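# Architecture and fold: a report
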Amino acid sequence: MVNFNDCFDGRADGRERRSLGSVLAMAALLMLAGCGDDIPMRRDGATGGTAAITGQMPAGTGGTAAVAGQTATGTGGTGGTGGATATAGTGGSGAAGTGDMTGTGGTGGSAGTDATAGTGGTGGTGGTTAASCPAGSLKSEPGQCGCDVADTDSDADGRADCNDDCPNDPDKFGVGPCGCGVPDIDTDLDGTYDCDDVCPNDPVKQDGAGVCGCGVPDDDSDGDGTMDCNDGCPADASKTDFDGSCFTFVPSTFNSVTVAGSLDGIDQTTTIDCALELDTTGGAPDFVGSCAGSISAKISIQTQAGGPDVVVVAFKDLNVTSIGSIRLVGDKPVIFAVYGDADIAGRIDAGAAGSTPGAGGNVSCSSGTGGNGDSDTSSSDGAAGGGGGGFATAGGVGGDGERSSTDGGVAGAVEGDSSLSVLRGGCGGGSGGDGSSSAGGGGGGGGGGGAFQLSVSGTLTVTDSAVISAQGGAGQAPDNEESGGGGGGSGGAILLEAGDVSIDVAAWVTANGGSGAEGSENGSTVAAPGSDGAKDSDTAAAGGTGNAGGDGGDGATDSTAATAGDSTNTSYGAGGGGGGSGYVVIYDVP
């Protein structure tokens with residue numbers, strides 16, 4: 001007799017599960033193949049097997065029911081059916097369950113259908129609870145793995161090795177997509193696990209790094225067949241090798257082709273991650289700061305039609321990090337010409353600081369400079385305050401002195417043009433009048449904000465942490481008693497242009513005016529200076545105040561005008577006027 005185990009793909013580990021009905025249906029087929037004695041034992045406590053149906057020629061004998069499993073209640077098998085000819089068959093006996101819980105006896109076989117009646121099979125007896133492993137076994141109790149297999153848990157995950165497909169991986173019971181010992185993680189959430197992802201941190205690439213590598217898009221912006229990462233002129237379809245002249249638009253105020261002629265050998269990217277200063281005074285400007293030696297740029301001085309000479313700093317690509325900053329001072333405006341892309345996350349400050357103008361501030365000014373306040377040193381009468389400087393908007397007039405003939409400085413008028421076709425800085429405030437014959441005098445005017453231009457042939461990105469400013473300076477407090485406060489300086493000029501401009505709404509690009517200083521008291525030089533224009537705010541700089549002299553006027557912003565300094569009708573000095581705002585121009589060139 002062929003054993004049923006050789007015919008049925010059952011497995012003794014309890015993972016092949018079939019219903020009682022399916023086993024009955026299969027039994028008849030298996031008998032025809034010469035199988036039918038035993039149905040294999042299963043460890044999961046499923047219902048016992050059914051005895052095979054006997055053949056139809058001589059009387060057959062019913063098969064023996066399977067033994068019940070070892071972990072749950074076993075059920076005895078059903079007796080076989082008697083044969084159909086001659087002598088009736090004898091039904092099989094249902095075997096007793098032997099699991100941990102009591103089994104149910106099998107059902108007797110049915111009577112035969114011919115000649116002599118068949119004899120029913122004997123029902124199996126109930127199984128007995130297994131309280132311990134048989135003598136000679138590895139363990140006294142079955143545990144997770146049975147009597148003869150140790151309950152070893154190699155990875156201490158609470159599941160014995162016999163039931164753990166990853167016995168040395170505490171994070172897995174099953175193999176998973178990445179196998180044992182490798183986490184099934186998808187870092188970039190692109191639907192491909194890191195173990196199968198060539199670029200696990202790049203959601204765009206999975207199967208390969210592409211031409212430009214992981215994290216860099218394989219983009220060809222100009223459609224010339226060369227990816228941007230390998231294209232020296234990614235915005236110029238006629239060029240792939242960088243020659244320094246691949247601006248696709250004509251930048252403002254300088255000749256990009258002339259400047260590009262000196263760029264051979266510069267590095268791909270200049271990263272600024274420290275505090276730098278560039279002083280444009282003199283004939284050889286250069287950066288000063290701890291990371292100045294790592295800058296790859298060419299600096300030249302270029303003439304500008306209708307305006308002052310400019311310092312042009314040419315880069316291939318520029319990256320000012322969130323901890324990087326550049327302070328621009330001196331007598332010439334500054335142009336950063338970037339022949340590639342620029343990312344600005346730090347600070348670029350071309351503004352004035354007190355009476356010191358920013359780069360190119362207080363240059364080419366005429367009516368934009370605030371007027372000086374009248375002095376009165378002949379008697380104990382308060383002098384007038386200086387007028388605020390003007391540029392994009394007018395400054396505030398200085399406060400009048402005590403006498404009707406002691407007039408405050410005139411307000412600086414609007415100068416320049418809104419397109420910044422000529423790059424120049426803002427104008428300074430006027431000085432306050434002297435109120436005493438003693439040594440000293442009125443407060444000095446605040447410096448005008450400088451001028452800064454950033455021209456980028458590719459993409460300009462200004463992030464949320466960036467601050468680009470050209471603020472006016474604070475009017476200064478008087479050095480003498482009864483004297484007027486200095487007027488605030490105007491904001492300067494900022495011009496940003498690129499083939500593609502992206503400026504985060506949280507970034508600051510400002511050219512606010514400085515405020516005027518307070519006048520001094522009779523018999524004292526105590527007075528409050530004004531404030532520089534705000535760099536990272538649209539709040540007006542408040543005029544100097546707090547003592548007996550006339551208060552200074554507030555500086556202008558893009559939405560508020562400068563205010564006048566307070567006049568005085570006593571022997572105290574008057575306040576200086578606030579400075580006007582500067583220009584901010586942004587060109588997103590198609």
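Below you will find a few notes about this structure. Remember, predicted model here, so these are calculated numbers, not experimental data. (Residues numbered from 1 in each chain as written. Predicted model: local features only at pLDDT ≥ 70, side-chain atom pairs only at ≥ 80, totals over all residues. Heavy atoms only, no water.)

### A short note on the overall build of the protein chain
When helices and strands are tallied, the protein chain shows two helices and 15 strands. Across the 590 residues in the protein chain, those meeting the buried criterion constitute 47%. Contacts spanning at least 24 positions in sequence make up 64% of the contacts within the protein chain whose residues lie at least 6 apart. Accessible surface, the protein chain as shown: approximately 24,500 Å² in total, 50% of it carbon and sulfur. (Helix = DSSP H or I, 4+ residues; strand = E, 2+ residues; numbered from the N terminus. Buried < 20%, exposed > 50% of the residue type's maximum accessible area, 1.4 Å probe, protein only. Contact = heavy atoms within 4.5 Å. Areas by Shrake-Rupley, 256 points an atom, 1.4 Å probe, with all protein chains shown as cover.)

### Structural notes on the nonpolar core
As a rule of thumb, nonpolar side chains are buried together in soluble globular proteins. By size, the foremost hydrophobic cluster in this structure holds 36 residues, and its most contacted members are L328, F336 and L460. Listed by contribution, the elements that provide at least two residues to this core are β2 (275–279), β5 (310–315), β6 (318–320), β7 (325–329), β8 (334–338), β9 (342–344), β11 (451–462) and β13 (493–503). Those residues in contact with F336 that sit more than four places away from it in its chain are F287, V313, F315, L318, I326, L328, F452, Q453, L454 and S455. Counting residues in each nonpolar core, the second largest holds 20 residues, with F249, A314, F391 and L423 among its members. (Core = buried A, V, L, I, M, F, W, Y, C linked by side-chain atoms within 4.5 Å.)

### Re the sheet that holds strand β3 (residues 287–289)
Overall, mixed pairing links the six strands, which are arranged β3-β2-β7-β10-β12-β14 in an open sheet. Strand pairing shows two members of the sheet lacking a second neighbour, β3 and β14 (508–510), which therefore form its edges. Between one strand axis and the next, the sheet turns by 15° as a mean value, whatever way the strands run. In this structure, β2 lies alongside β3, joined through three bridges in antiparallel fashion. What sits directly across from E277, in β3, is V288. (Pairing = 2+ DSSP bridges. Axes fitted to C-alpha atoms, helices over the stretch in contact; angles between N-to-C directions.)

### So, the environment of S418
You can see S418 is positioned in the loop between β10 (347–349) and β11. As a C-alpha pair, S418 and A392 span 26 residues in sequence and 7.5 Å in three-dimensional space. Those residues in contact with S418, other than ones at most four positions away along the chain, are Y583 and V585.

### Looking at the pairing of β11
Walk down a regular strand and you will see the side chains alternate between the two sheet faces. Counting buried positions along β11 gives 10 out of 12 residues, so the element sits mostly inside the fold. Judged from the five bridges that link them, β8 and β11 form a sheet pairing that is parallel. The residue of β11 that forms the bridge with V338 is V456. Here three bridges tie β9 to β11, and the two strands are oriented parallel to one another. Residue pairing for β11: D343 is matched across the bridge by T461. Taken together, the 10 bridges between β11 and β13 define a ladder with parallel strand orientation. Bridging across to β13, S455 finds its partner in E497.

### Topic: the packing of aromatic side chains
Across all of its chains, the model carries seven aromatic pairs by this definition. Here F287 and F336 contribute two aromatic rings whose centre-to-centre distance is 6.5 Å and whose plane-to-plane angle is 55°, an arrangement assigned as tilted. Residue F287 is found in strand β3, and its partner F336 is found in strand β8; the two are separated by 49 residues along the sequence. Each of the two residues, F287 as well as F336, counts as buried. With centroids separated by 5.4 Å and ring planes inclined at 80°, the aromatic side chains of F315 and F336 adopt a geometry described as edge-to-face. In this pair, F315 is assigned in strand β5 and F336 in strand β8, connecting sequence segments 21 residues apart. With respect to burial, F315 and F336 carry one shared label: buried. Aromatic ring contacts, followed pair by pair, group F247, F249, F254 and Y339 into a single cluster. Here the basic side chain of R159 rests over the ring of F173, its NZ or CZ set 4.0 Å away from the ring centre. (Phe/Tyr/Trp six-rings, centres within 6.5 Å; stacked < 30°, edge-to-face > 60°. Lys NZ or Arg CZ within 6 Å of the ring centre and 35° of its normal.)

### A word on the side chain of S455
Considering the arrangement of structural elements, one finds S455 in strand β11. Residues in contact with S455, not counting those within four places in the same chain, are F247, P251, F254, F336, A337, V338 and E497.

### Some remarks on the environment of C291
For C291, the position within the fold is in the loop between β3 and β4 (298–302). Sequence separation of C291 and I272 is 19 residues, and the distance between their C-alpha atoms is 7.0 Å. Apart from the residues lying within four places of it in its own chain, the contact partners of C291 are I272, D273, C274 and L276.

### Some points on unusual backbone geometry
Note on backbone geometry: most residues besides glycine have negative phi, and most peptide bonds are trans. Phi is positive for L189, which is not a glycine, with a value near 55°. Among the secondary structure elements, L189 is positioned in the loop between α1 (20–32) and α2 (256–260). Positive phi outside glycine occurs at N362, with the angle close to 65°. Along the chain, the position of N362 falls in the loop between β10 and β11. Overall, the relative accessible area of 37% leaves N362 in the partly exposed class.

### Concerning the pattern of salt bridges
Under the criterion given, the structure shown has 10 salt bridges. Between K332 and D331 there is a salt bridge whose closest N-O contact spans 3.1 Å. On the basis of relative accessibility, which here comes to 12%, the residue K332 falls in the buried class. A salt bridge links D536 to R347, with the shortest nitrogen-to-oxygen separation between them at 3.3 Å. Of this pair, D536 sits in the loop between β14 and β15 (583–588) while R347 sits in strand β10; the two residues are 189 residues apart in sequence, bridging distant segments of the chain. With relative accessibility at 36%, the residue R347 sits in the partly exposed group. (Salt bridge = Lys/Arg side-chain N within 4 Å of Asp/Glu carboxyl O.)

### As for the layout of surface pockets
The volume enclosed by the second largest pocket comes to roughly 460 Å³. The set of elements that each furnish at least two residues to the lining of the second largest pocket consists of β6, β9, β11 and β13. Among the elements that make up the lining of the second largest pocket, the one with the highest residue count is β11 (three residues). Across the lining of the second largest pocket, the residue classes break down as eight nonpolar, 10 polar and eight charged. (1 Å grid on protein atoms, 1.4 Å probe; cavity = no way out; pocket = protein on both sides within 12 Å on 5 of 7 lines; lining within 4 Å. Points joined across faces, edges and corners; volume = space filled by probe spheres on them. Nonpolar A, V, L, I, M, F, W, Y, C, P; charged D, E, K, R; others polar.)

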